[in-house]
2 protein chains.
Amino acid sequence: MTKGKTFIISGPSGVGKSTVLHALLERRKELYFSVSATTRPRRAGEEDGVHYHFLDVDTFREWIAKDEFLEYAEYVGNFYGTPKRFVDEAMDQGRDVILDIEVQGANQVTGKRPETVTIFIAPPSWTELERRLTERGTDSAEKIQKRLLRAKVEFQTAHTYDYFVINDTVENAVGELEAILTAEHCKPQERMEIINGNN
Amino acid sequence: MTKGKTFIISGPSGVGKSTVLHALLERRKELYFSVSATTRPRRAGEEDGVHYHFLDVDTFREWIAKDEFLEYAEYVGNFYGTPKRFVDEAMDQGRDVILDIEVQGANQVTGKRPETVTIFIAPPSWTELERRLTERGTDSAEKIQKRLLRAKVEFQTAHTYDYFVINDTVENAVGELEAILTAEHCKPQERMEIINGNN
């Protein structure tokens, strides 16, 4: 059995990443979607191990000390991180792993594991991203401009990503993601058994 | 419009490359399948510009002198080569180009154009390749062993290929080829307009 691979999927606020990921996971049931660990309090309706792995601060710090995270960050006073253990278990079972993380977290992961594949979900245009943020109706005009600026800055630092998937339609974006997953398993390092003639 | 890309597809005798390529071209009508130039005499039923571009030896040498070939070779007294012109015309029209060439030709092309994507069609196993060669019924047992040896040698020099597609079934192999074509167009250099925010 071939080991699974890890794919990082990043994208700016409003690009529609959640919808695309949801559709991808529906279509590829064998994928493991990594569940983050956090120290923020559990909210009503949230399940431990499903929405997050809920940890107290001491445990989180202990996991950091034991190098148990692929990446972690502090955000508004709470810790968030990607536990190595579940990722490795899934990969050992031959499952591909999807990490939904930001650009800075992605850099931490690829620093430790350069073989990780990085995918950035991009809007078809900035005008379209602005339109989607406005349509969502959750942010003030000022906040939308801030989000747009942040997206542009993030985009500039994302030039090292392996792939850019354009979310013009969910159907196209999921099609491109599936193609990337399939193509990455055709890389020579994935097929060494055949290349070396051990079969 | 995005420029097309060139994909080299190689594979050992008996692997079923022609069948796979035929199925791929049926499914992706927009692909341009490169027609080779040759100095060998035209056979009954062969059309100039369809099966080959038929050239006399002087013209072929002139094209070599003018650097009109992406790659060329002499085989049993005849020249064979891939003319640049038709490849470039198709790419300028935004069409992806498929070159069906051997490992040595592939090395010539990637030496000139490192951005060319190389795909090797491999059998699921050597036993299966031997079975297919035997089933074809065109070669003697001795010739089959020669072909197998050649395939193994070729395979060793093919470790620099970008992708290995396993032809276990035509359906799977074509699926992997299509995924590679799609994924390659998600590479950052293909999406610079969006990355640079010029839209």
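Relevant structure appears above.
What counts, and where the lines are drawn
- Along each chain, numbering runs from 1 in the same order as the chain's sequence is written.
- The naming scheme follows written order: chains are lettered A onward, ligands numbered 1 onward.
- Residue-level local features of this predicted model are given only where pLDDT is at least 70; pairs of side-chain atoms are given and counted only at 80 or more, and the full residue set underlies all totals for whole chains, interfaces and linings.
- With hydrogens and water set aside, each side-chain value is computed from the structure's full complement of heavy atoms.
- For helices the rule is a DSSP run of H or I covering at least 4 residues; for strands it is a run of E covering at least 2, with both sets numbered from the N terminus onward.
- We call a residue buried when its accessible area falls under 20% of the maximum for its residue type, exposed when it is over 50%, and partly exposed in between, using a 1.4 Å probe and counting protein chains only.
- The contact criterion used is simple: two residues touch if any of their non-hydrogen atoms lie within 4.5 Å.
- When charges are counted, Lys and Arg are positive and Asp and Glu negative, with His and the chain ends excluded.
- All charge positions are set by atom: Lys at NZ, Arg at CZ, Asp at CG, Glu at CD.
- Axis lines are fitted through C-alpha atoms, for helices just across the contact stretch, and the angle between N-to-C directions can take any value from 0 to 180 degrees.
- Between 65 and 115 degrees an angle is taken as roughly perpendicular, under 35 as roughly parallel, over 145 as roughly antiparallel, and anywhere else as oblique.
- We call a crossing left-handed when the near helix sits turned anticlockwise from the far one by less than a right angle, and right-handed when that turn is clockwise.
- Basically, the charged four are Asp, Glu, Lys and Arg, the nonpolar ten are Ala, Val, Leu, Ile, Met, Phe, Trp, Tyr, Cys and Pro, and anything else, Gly included, counts as polar.
- Note on aromatic contacts: the rings of Phe and Tyr and the six-membered ring of Trp form a pair at centre separations within 6.5 Å, being stacked when their planes are under 30 degrees apart, edge-to-face when over 60 apart, and tilted otherwise.
- When the copies are overlaid, the least-squares fit takes in C-alpha atoms only where the residue has pLDDT of at least 70 in both copies.
- In this description, strands pair whenever DSSP reports at least two bridges between them.
- We define a nonpolar core as any set of buried Ala, Val, Leu, Ile, Met, Phe, Trp, Tyr and Cys residues linked to one another through side-chain atoms lying within 4.5 Å.
- Buried surface area refers to the total accessible area, computed with a probe of radius 1.4 Å, that the two partners give up upon joining, counted for both partners together.

Chemist: Quick rundown of the overall build of chain A? Include the residues and the values.
Modeler: Along chain A, the regular secondary structure elements total eight helices and nine strands. Classification of the 199 residues of chain A by burial places 49% in the buried group. Of the contacts formed within chain A by residues at least 6 apart in sequence, a portion of 65% connects residues at least 24 apart. Here chain A holds 26 positive side-chain charges and 33 negative ones, and the gap between their average locations is 2 Å.

Chemist: Please provide a residue-by-residue account of the packing of helix α5 (residues 126–136) of chain B against helix α6 (residues 141–157) of chain B, values included.
Modeler: To describe two helices that pack against each other, one gives the angle between their axes and the distance between the axes. Residue and element names in this part refer to chain B. Contact geometry for α5 and α6: axes closest at 10 Å, N-to-C directions at 140°. Classified by the angle between their axes, α5 and α6 sit oblique to one another. Two packed elements cross with a definite hand, and for α5 against α6 that hand is right-handed. Within the contact between the two elements, α5 uses Trp126, Leu129, Glu130, Leu133, Thr134 and Arg136 and α6 uses Ile144, Gln145, Arg147, Leu148, Ala151, Lys152 and Phe155. Tallied by class, residues from the contact of α5 with α6 come to seven nonpolar, two polar and four charged.

Chemist: Can you lay out the packing of aromatic side chains for me, pointing to particular residues and giving the numbers?
Modeler: Residues and elements named next belong to chain A. The full count for this structure, using the stated rule, is 25 aromatic pairs over all chains. Here the aromatic rings of Trp63 and Phe69 are separated by 5.7 Å at their centres, their planes lie at 40°, and the arrangement is tilted. When its relative accessible area of 12% is taken as the criterion, Trp63 is described as buried. Assessed through its relative accessible area of 2%, Phe69 is described here as buried. Ring plane angle 85° and centroid distance 5.4 Å describe the contact between Phe120 and Tyr161, whose orientation is recorded as edge-to-face. With a gap of 41 residues between them, Phe120 in strand β8 (residues 117–122) and Tyr161 in the loop between α6 (141–157) and β9 (163–166) connect regions that are remote in the sequence. Residue Phe120 shares its accessibility class with Tyr161, and that shared class is buried.

Chemist: Please set out unusual backbone geometry residue by residue, giving values where relevant.
Modeler: Leaving glycine aside, a negative phi is the common case for residues, and trans is the common case for peptide bonds. Positive phi, normally seen in glycine, also occurs at A:Val76, with a value near 50°. Along the chain, A:Val76 turns up in the loop between β5 (69–75) and β6 (78–83). Positive phi outside glycine occurs at B:Asp67, with the angle close to 60°. Inspection of the secondary structure assignment puts B:Asp67 in the loop between α2 (57–65) and β5 (69–75). A relative accessible area of 40% means that B:Asp67 is categorised as partly exposed.

Chemist: Describe the relation of the copies chain A and chain B, listing the residues and the values that go with them.
Modeler: Here the second copy of the chain follows from the first by a rotation about an axis and a shift along it. Superposing chain A onto chain B takes a rotation of 180° combined with a translation of 0.0 Å along the rotation axis, leaving an RMSD of 0.0 Å. Look at the turn and shift together and you get a two-fold axis relating the two. Residues of chain A ranked by C-alpha distance from the rotation axis are headed by A:Ala179, positioned 2.1 Å from it. With an isologous cut-off of 70% or more, the 100% of interface residues of chain A that recur at the interface of chain B puts this contact in the isologous class.

Chemist: I'd like a rundown of the sheet that holds β5(B), residues and numbers included.
Modeler: Residues and elements named next belong to chain B. Read across the open sheet, the four strands follow the order β4-β3-β6-β5; overall the sheet is mixed. Sheet topology places β4 (53–54) and β5 at the edges, where each strand pairs with a single neighbour. Set on the sheet, α2 makes contact with β3 (37–38), β5 and β6 (78–83); between it and β6 the angle comes to about 45°.

Chemist: Describe the sheet that holds β9(A), and please don't skip the residues or the numbers.
Modeler: Residue and element names in this part refer to chain A. Judged by pairing direction, the sheet is parallel, and its five strands sit side by side in the order β2-β7-β1-β8-β9 without closing on themselves. Across the chains shown, the open sheet's two edge strands, defined by having one partner strand only, are β2 (32–33) and β9. Strand contacts of helix α1 (residues 17–27): β1 (6–10), β2, β7 (97–100) and β8, with the helix running at about 170° to β7, the strand carrying the most contacts. Packing of helix α3 (residues 84–92) onto the sheet brings it into contact with β1, β2 and β7, and relative to β7 it is tilted by some 150°.

Chemist: An account of the nonpolar core is needed here, citing residue identities and associated values.
Modeler: Core analysis: the largest hydrophobic core is formed by 91 residues, its most contacted members being A:Ile119 and B:Ile119. Each residue touching A:Ile119, except ones within four places of it in the same chain, is listed here: A:Phe7, A:Ile8, A:Ile9, A:Ser10, A:Tyr161, A:Tyr163, A:Val165, A:Leu177 and A:Ile180.

Chemist: Give a detailed account of the interface of chain A and chain B, specifying residues and quantitative values.
Modeler: Each partner contributes residues to the interface: chain A has 27 residues there, and chain B has 27 residues. Between chain A and chain B, roughly 2300 Å² of surface is buried when both sides are summed, and carbon and sulfur atoms account for 65% of that area. For the side of chain A that touches chain B, the secondary structure elements donating two or more residues are α6, β9, α7 (170–184) and α8 (192–195) of chain A. The element best represented in the side of chain A that touches chain B is α7(A), accounting for five residues. Residues that form the side of chain A that touches chain B fall into these classes: 17 nonpolar, six polar and four charged.

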